[in-house]
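One letter stands for each residue in the lines below.
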Amino acid sequence: MKIALHDSDRTRFPNLPLMKLSAWHRTQKDAVERFIPLMNDSYDRVYSSKVFSFTAEEPNLPRGVIRGGTGYGIGSDLPDEIEHIMPDYSLYPGFKASLGFTTRGCIRSCPWCVVPGKEGKIHAHAELEEFLRPDCRDVVLMDNNILAHEHGIMQLERSITRNLRIDCNQGLDARLIAADDALAHLLSRVHWLKSIRLACDHKSQMPAVEAAVKAIRRHGNKQYNFSCYVLVQDVDDALERVEFLRALKVDPFAQPYREPGSKALPAKHLRDFARWVNHKAIFKTVPWTEYRRSAA
């Protein structure tokens with residue numbers, strides 16, 4: 001069979017389900033390639049995967065295309081034999097790290113998040129070795145709340161002994177770190193690929209973020225690089241959190257709120273605020289009040 005894989009989102013980040021589909025079909029001796037619209041008639045099967053519901057639909061996909069991923073709905077999981085296969089990293093040759101989940105689900109029920117509905121309560125999913133490519137120290141973990149399950153914590157401990165460099169790219173739950181000093185100690189020992197990522201989606205999380213950052217710094221006796229996701233629904237509220245993070249020497253990353261399932265862009269004032277925060281040359285030199293006037 002000739003298989004085509006279509007990455008609907010077309011971001012710079014790899015689509016993990018497509019990498020697993022590619023690996024599985026190659027074990028079946030199928031020919032696998034990235035989707036090319038002009039070659040439509042030559043494919044026996046086409047898969048399209050997308051993460052974001054707001055991604056525009058590809059107009060040139062053939063009839064019978066198999067669609068999957070959160071962007072198409074929450075009921076499109078891969079079969080276990082494909083879900084637990086080593087990804088085909090050759091599909092994204094520019095991406096050099098290993099990529100996967102050690103846990104699925106979450107203990108939280110944030111109203112903007114699809115994870116509880118899609119993955120349910122947090123549970124163990126895979127060992128690091130399931131997706132760890134040979135001779136590679138760098139690992140990107142996509143777990144939604146890795147610290148909320150003993151299996152995820154164990155994988156972080158094992159990463160230390162294996163001298164792996166970790167990026168928890170969905171962020172760590174500061175509330176769990178603030179409540180458990182042993183977690184702060186563990187995180188101070190992890191070899192971080194980029195920054196230690198946290199989240200501060202509303203003001204009630206500010207004390208936990210501060211306690212988590214200070215505890216990790218105390219155990220490691222150094223500053224570390226911290227970054228923090230900031231959900232932006234109200235600019236004044238988000239500004240307070242952003243300035244709090246700035247004072248804490250934590251790098252904020254603003255994410256303007258978008259209605260779940262909506263294809264519309266976030267409101268302009270939310271996008272303006274996010275651009276001010278995320279464009280670091282501007283953020284470090286131009287006050288928000290001044291930037292807001294220029295963006296109006």
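First, a word on scope: everything that follows refers to the structure included in this document. What you see is a predicted model; the values in this text were computed from it and never measured. (Residues numbered from 1 in each chain as written. Predicted model: local features only at pLDDT ≥ 70, side-chain atom pairs only at ≥ 80, totals over all residues. Heavy atoms only, no water.)

Glancing now at the packing of aromatic side chains. Counted by the stated rule, this structure contains 10 aromatic pairs. Through pairs of rings, three or more aromatic residues link up here, namely F273, W276, F283, W288 and Y291. Over the ring of F101 we find R104; its NZ or CZ atom is 3.6 Å from the centre of that ring. Sitting over the ring of F54, R258 keeps its end group 3.6 Å from the ring centre. (Phe/Tyr/Trp six-rings, centres within 6.5 Å; stacked < 30°, edge-to-face > 60°. Lys NZ or Arg CZ within 6 Å of the ring centre and 35° of its normal.)

Before going further, it helps to spend a moment on the layout of surface pockets. Reported here for the second largest pocket is a volume of approximately 160 Å³. The leading source of residues in the lining of the second largest pocket is strand β1 (residues 2-7), at 3 residues. Its residues assigned to classes, the lining of the second largest pocket comprises 5 nonpolar, 2 polar and 5 charged. (1 Å grid on protein atoms, 1.4 Å probe; cavity = no way out; pocket = protein on both sides within 12 Å on 5 of 7 lines; lining within 4 Å. Points joined across faces, edges and corners; volume = space filled by probe spheres on them. Helix = DSSP H or I, 4+ residues; strand = E, 2+ residues; numbered from the N terminus. Nonpolar A, V, L, I, M, F, W, Y, C, P; charged D, E, K, R; others polar.)

Now for the sheet that holds strand β2 (residues 31-34). The strand order across the open sheet built from 4 strands is β2-β1-β3-β4, with neighbouring strands paired in parallel fashion. In this open sheet, the two edge strands, each paired with only one partner strand, are β2 and β4 (66-68). With strand direction ignored, the average angle separating the axes of adjacent strands in the sheet is 20 degrees. As paired elements, β1 and β2 share 4 bridges and run parallel to each other. Within the sheet, the bridge partner assigned to K2 lies in β2 and is A31. (Pairing = 2+ DSSP bridges. Axes fitted to C-alpha atoms, helices over the stretch in contact; angles between N-to-C directions.)

With that settled, consider the pairing of strand β12 (residues 226-232). The buried fraction of β12 amounts to 7 of the 7 residues, a majority that puts the element mostly inside the structure. Side chains of β12 alternate between two faces, with F226, C228, V230 and V232 and S227, Y229 and L231 buried alike. Bridging between strand β11 (residues 196-199) and β12 involves 4 bridges; their strand directions are parallel. Paired with A199 across the bridge in β12 is Y229. Read as a crossover between parallel neighbours, the route from β11 over helix α7 (residues 206-220) to β12 is right-handed. The β-α-β motif built from β12, the intervening helix α8 (residues 235-247) and the parallel element strand β13 (residues 251-256) has right-handed crossover chirality. (Buried < 20%, exposed > 50% of the residue type's maximum accessible area, 1.4 Å probe, protein only. Right-handed = clockwise from strand over helix to strand, strands pointing away.)

Here the focus is the packing of helix α9 (residues 268-278) against helix α11 (residues 288-295). Relative orientation of the contacting elements α9 and α11 amounts to 130 degrees, with a least axis distance of 10 Å. Put simply, α9 runs oblique to α11. When you trace α9 past α11, the crossing you get is right-handed. Contact residues: K268, D272, F273, R275 and W276 in α9; W288, Y291 and A295 in α11. (Parallel < 35°, antiparallel > 145°, perpendicular 65-115°, else oblique. Left-handed = near helix turned anticlockwise from the far one by under 90°. Contact = heavy atoms within 4.5 Å.)

Enumeration according to the criterion identifies 1 cavity of 30 Å³ or more in this entry. Lining the largest cavity, in full, are K20, I85, P87, G100, F101, H125, A126, E130 and F131. Residue composition of the lining of the largest cavity, grouped by class: 5 nonpolar, 2 polar and 2 charged.

With phi around 55 degrees, D135 is a residue other than glycine that occupies positive phi space. Note on placement: D135 falls in the loop between β7 (123-124) and β8 (138-141). Classification of D135 by relative accessible area gives exposed; the value is 86%. Phi at N221 takes a positive value of approximately 55 degrees, unusual for a residue other than glycine. Along the polypeptide, N221 turns up in the loop between α7 and β12. What makes N221 exposed here is its relative accessible area of 70%.

The next point concerns the sheet that holds β11. Across the sheet, 3 strands lie side by side as β11-β12-β13; this open sheet has parallel pairing. This sheet does not close on itself; its edge strands, each paired only once, are β11 and β13. Neighbour-to-neighbour, the strand axes of this sheet turn through a mean angle of 25 degrees, independent of strand direction. Bridge count for β12 against β13 is 6 bridges, and the pairing is parallel.

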